[in-house]
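Listed below, chain by chain, are the residues.
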Amino acid sequence: MLLHIPDVLTTEQVAGMRAAMVDADWTDGRQTVGPQGAKVKRNLQLPDASPLRRQLGEQVVAALTRHPLYHAAALPLRTISPRFNRYEGGGEYGFHIDGAVMSTGHGDEQVRSDISCTLFLAEPDEYDGGELIVSDTYGEHEVKLPAGHAIVYPSSSLHRVTPVTRGARIAAFFWVQSLVRDDGARRLLLELDTSIRELSAAGADQPAILRLTGVYHNLLRRWAET
Ligand code: NI
């Protein structure tokens, strides 16, 4: 499920983050990937150990946690602390698949990457190129969103970022282990959840909504892994 999560951050929040990153020490993004990724990755990142990365990452996670659509779609169990990247001067990231299991950096805690998330922090007219291309069984999908908007997609998808030929593409990116491992099951739960909310808002029959809500929770009970 490739899903656009609108308005995760306000214009003011994006501006605050961008200002904080102006004088940051950006390092080579190849430091956080394996040999296969390093062959095709050309971008910059805030260093993992940077206090700025941690501080901005906490803001991103807090904003997403408050977002009802994100929560309903991702059903997050564990989240990798967000990283921040910058593509410019032809920087790109060729087709790759994200690693399946990652360390959170807290002791030996590990996260299975079910969902990949990119939060755009530059407006589309600030740069040329820099589209996120996600390839799935329905073909290739091109994603370039307004600053403050996010895209979530299955970590099992092949994806790439096209070369940035003007300006700079700045984004936050991270991975989530979901309560529900299977992407198709998460999609069914999101559709059911959305339908229940819409029926409820439309003043539908309460006993019917109650039964549907029970179905939602009983499916989640079947599928959730903690
Ligand atoms: Ni990736």
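(A) Expanded view of the overall build of the protein chain. Within the protein chain, the secondary structure is distributed over six helices and 17 strands. Over its C-alpha atoms the protein chain spans a radius of gyration of 18 Å, differing by no more than 12% from the 17 Å that the globule rule assigns to 226 residues. Principal-axis analysis of the C-alpha atoms gives the protein chain an extent of 60 × 35 × 35 Å. Expressed as a percentage of its 226 residues, the buried residues of the protein chain come to 45%. For the protein chain, the proportion of contacts with a sequence separation of at least 24, taken over those separated by at least 6, is 77%.

(B) Summary view of the environment of Ile 5. By the element assignment, Ile 5 lies in strand E1 (residues 3–5). Judged by its relative accessible area of 0%, Ile 5 is buried. In sequence terms Ile 5 and Val 152 are 147 residues apart; their C-alpha atoms lie 7.5 Å from each other. For Ile 5, the residues in contact, after removing those within four places along its chain, are His 67, Leu 69, Tyr 70, His 149, Ala 150 and Val 152.

Reading the values: the criteria
Residues numbered from 1 in each chain as written. Predicted model: local features only at pLDDT ≥ 70, side-chain atom pairs only at ≥ 80, totals over all residues. Heavy atoms only, no water. Helix = DSSP H or I, 4+ residues; strand = E, 2+ residues; numbered from the N terminus. Rg over C-alpha atoms; globule rule 2.2 N^0.38 Å. Buried < 20%, exposed > 50% of the residue type's maximum accessible area, 1.4 Å probe, protein only. Contact = heavy atoms within 4.5 Å.

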